[in-house]
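Survey of secondary and tertiary structure
What follows is each chain in one-letter form.
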Amino acid sequence: QGTMAEKILVTGGAGYIGSHCVLELVEAGYVPVVIDNFHNAIRGADTLPESLRRVQQIVHQPILFQELDITNEVALQELFSKHHFSAVMHFAGLKAVGESVQKPLEYYRVNLTGTIRLLETMKAHGVRNIVFSSSATVYGDPKYLPLDENHPVGGCTNPYGKSKYFIEEMICDLCKAEKDWNAVLLRYFNPIGAHESGMIGEDPQGIPNNLMPYVAQVAVGRREFLSVFGNDYKTDDGTGVRDYIHVVDLAKGHIAALKKLKENCGCKIYNLGTGTGYSVLQMVRAMEKASGREIKYKITGRREGDVASCYANPALAECELGWKAAFGLDKMCEDLWRWQLQNPTGF
C-alpha cells in the first residue's frame, strides 16, 4: 500500500477486551502497538502475552508488543518517542468491582494516575485522539430504563465505577480546553463470549467476578455450582437483569469509534450494548442449551451494590457511529462454550 498504515497504541491490549480489539484492528488494516503490565494477562512464549501470541496465529502476522505499566511516565515517554501513533485505545486499568471497595486507593492510583500520565504523554507528543473504555457502572442505580447517554452519571456505587466516571470527566474537560483533541468514551454493558476460533476469550484468574465465565466453568466441571445472588428483585423471575454484548461486537464498536475521531468529533460518549436485558436464570438456561449440560445453581442472598435491572438504549451509537451489535444470545453462549471447552483452565 502507498500510505503507511496507522499505528494505534492499545493500552491493556493483552486483556479480554483488549486482545479482541487488537484482532479487529489488524483485520481493519491498522497496526496496533500493544502495551500491558501482565496484571491480568498470562505470559506466553517469546515475551508475548499468550492472548496476543494466539491473535498472531489467527491473523498470521506479528503483533508489536512491549511490557509496560501506564503509571511509568519515563517508559511512556520513551514509547511515544519511538512510535508515531495516530490514536490511543485505552483499556488498561483495574476492573473488579468488589476488590475496588476493598482497595480504593489502589484503584484510584492505577486508573486515575495511569490515565493522567497517559494523557500528559499524548499531549507532549501531539497525539490528540483517544478511545476510552468506560462502563455502564457510571450510571449508578438506573432512574429509568433503557439507559441512554443522557441518564445522570456519577452516582456510582463503588470506586471502580467512580474511577471510570472521573476519567470521563477529565477527558471531556481536556477536549473543552483543547479544541484539537478528540475522544470517544465507550460505556460498555456486559461483554461476554469469545472469538469464534475458540483461541482467545476471557480468562479470569481465581474465582470469576462476572456471571458468564462462572457459568461456563460450572458447565465444564471446574466448579460445582453457581451462586445466584438474590431472586427477590423486581424482575420477571426475581434475578438480576443485564445487557450482555458479544465481545466481538464490542471490538467492532471500537473500530467505528476510531473512524469517528477522524471527523474531529470533540468529546463523544456512546453506550455499547444490545438494548436487551436477560436475567441470571435466562443466561443459565441459554448456557445449558449451548453446552448441552446441566448447570447447577443455588439461590443465595443479594450482593451489595447490585441493581435489579440494567440495560442500554444503544440508538445513539447506531445513529452516530453506524454501529450495531450483530450477535444474539445463542451466538454469545456458543462462542463462550467453544472457548471454555478448548481451554478448560484458561490460557
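Here the residue index of a chain counts from 1 through its sequence in written order. The predicted origin of the model limits local features to residues at a pLDDT of at least 70 and limits the giving and counting of side-chain atom pairs to 80 or more, whereas totals for whole chains, interfaces and linings rest on all residues. Note that water and hydrogens are dropped before the side-chain values are worked out from all heavy atoms of the structure.

On to the side chain of Thr235. Considering the arrangement of structural elements, one finds Thr235 in the loop between strand S8 (226-229) and strand S9 (241-246). By the criterion applied in these results, polar contacts are pairs of N or O atoms within 3.5 Å in which, for protein atoms, one can donate a hydrogen and the other can accept it, and in which residues neighboring in sequence qualify only through two side-chain atoms. Reaching out from Thr235, the side chain makes a polar contact with the backbone nitrogen of Gly238 at a distance of 3.0 Å. What makes two residues a contact is simply this: any of their non-hydrogen atoms within 4.5 Å. Contact partners of Thr235, with chain neighbours within four places excluded, come to Val241, Ala308 and Ser309. A run of DSSP states H or I qualifies as a helix once it reaches four residues; a run of E qualifies as a strand once it reaches two. Both are numbered from the N-terminal end.

What follows deals with the UniProt feature "domain: NAD(P)-binding" (unreviewed entry) in the protein. UniProt positions are given in the numbering used here, feature names are shortened, and annotations may be inferred rather than shown by experiment. The UniProt entry lists residues 9-335 under the feature "domain: NAD(P)-binding" (unreviewed entry), expressed in the numbering used here. Taken as a whole, residues 9-335 contains 39% helix and 19% strand, while its terminal C-alpha atoms sit 27 Å from one another.

With that settled, the discussion passes to helix H6 (residues 159-177). Look at H6: 27 Å from first C-alpha to last across 19 residues, which is about the 27 Å you get at 1.5 Å a residue. Those residues of H6 lying buried are Pro159, Tyr160, Gly161, Ser163, Lys164, Tyr165, Ile167, Glu168, Ile171, Cys172, Leu174 and Cys175. Take the number of residues in a helix, subtract one, and multiply by 1.5 Å to get its expected span. For every residue, the accessible area (1.4 Å probe, protein chains only) is compared with the maximum for its type, and the residue is labelled buried under 20%, exposed over 50%, or partly exposed between those bounds.

A word on the packing of helix H7 (residues 211-219) against helix H9 (residues 280-291). To characterise two packed helices, one gives the angle between the axes of the helices and the distance between these axes. Axis lines are fitted through C-alpha atoms, for helices just across the contact stretch, and the angle between N-to-C directions can take any value from 0 to 180 degrees. For the pair H7 and H9, the least separation of the axes is 10 Å and the interaxial angle reads 40°. Judged on the interaxial angle alone, H9 and H7 are oblique. Crossing handedness for the pair H7 and H9: right-handed. On the side of H7, the interface is formed by Leu211, Met212, Val215, Ala216 and Ala219, while H9 contributes Val280, Met283, Val284, Met287 and Ser291. Roughly parallel means an angle under 35 degrees; roughly antiparallel means over 145; roughly perpendicular covers 65 to 115; every other angle is labelled oblique. By definition, turning the near helix anticlockwise from the far helix through less than a right angle yields a left-handed crossing, and turning it clockwise yields a right-handed one.

Our next topic: the environment of Leu118. Looking at the element boundaries, Leu118 is found in helix H5 (residues 104-124). You can call Leu118 buried: its relative accessible area is 0%. Beyond its immediate sequence surroundings of up to four residues, Leu118 is in contact with Leu9, Thr11, Leu76, Phe80, Val88, His90 and Ile130.

Let us look at the nonpolar core. The biggest cluster of nonpolar side chains holds 45 residues, and the ones touching the most others in it are Ile8, Ile17, Leu25, Leu52, Val55, Leu186 and Leu258. When contributions to this core are tallied by element, the ones reaching two or more residues are strand S1 (7-11), helix H1 (16-27), helix H2 (50-59), strand S4 (85-90), strand S6 (182-188), helix H8 (247-261), strand S10 (267-272) and helix H10 (315-321). The greatest single-element share of this core, amounting to nine residues, is contributed by H8. Each residue touching Leu258, except ones within four places of it in the same chain, is listed here: Ile8, Leu25, Tyr30, Ala87, Met89 and Val131. Grouping buried Ala, Val, Leu, Ile, Met, Phe, Trp, Tyr and Cys residues that are joined through side-chain atoms within 4.5 Å yields what is termed a nonpolar core.

A few words now on the pairing of S8. Residue alternation in S8 divides its side chains into a buried set, Leu226 and Val228, and an unburied set, Ser227 and Phe229. A pair of strands counts as paired when DSSP detects no fewer than two bridges linking them. Alignment of S8 against strand S12 (residues 297-300), held across four bridges, turns out to be parallel. Within S12, the position partnered with Leu226 by the bridge is Tyr297.

As a further point, take empty space enclosed by the protein. Think of a 1 Å grid over the protein atoms and nothing else: a 1.4 Å probe that fits but is trapped marks a cavity, an open set flanked by protein within 12 Å on at least five of seven lines marks a pocket, and residues with an atom within 4 Å of a point count as lining. Grid points are joined across faces, edges and corners, and a volume is the space filled by probe spheres set on the points. The full count for this structure, using the stated rule, is one cavity of 30 Å³ or more. Here the largest cavity defines a volume of roughly 110 Å³. Lining of the largest cavity is provided by 15 residues; of these, Glu202, Pro204, Pro213, Trp339 and Gln340 occupy positions nearest its centre. Taken together, the elements giving at least two residues each to the lining of the largest cavity come down to H7 and helix H11 (329-342). In the lining of the largest cavity, the residues fall into seven nonpolar, five polar and three charged. For this classification, the nonpolar set comprises Ala, Val, Leu, Ile, Met, Phe, Trp, Tyr, Cys and Pro, the charged set comprises Asp, Glu, Lys and Arg, and every other residue, Gly included, is treated as polar.

With that out of the way, let us pick up the sheet that holds strand S3 (residues 64-67). One open sheet accounts for seven strands, arranged S3-S2-S1-S4-S5-S6-S10; its pairing is parallel. Only two strands of the sheet have a single neighbouring strand rather than two, namely S3 and S10. Recorded for the sheet is a direction-independent mean angle of 20° between the axes of neighbouring strands. Of the pairings in the sheet, the one linking S1 to strand S2 (residues 31-36) comprises five bridges and is parallel in character. Pairing of Lys7 across the sheet is with Val31, part of S2.

A few words now on the packing of H5 against H6. Following both chains from N to C, one finds H5 and H6 inclined at 20°, their axes separated by 9 Å at the closest point. For the element pair H5 / H6, the angle class is roughly parallel. Remark: the crossing between H5 and H6 carries right-handed chirality. Facing Pro104, Tyr107, Tyr108, Asn111, Leu112, Thr115, Ile116 and Leu119 of H5, the residues of H6 in contact are Pro159, Tyr160, Lys162, Ser163, Phe166, Ile167, Met170, Ile171 and Leu174.

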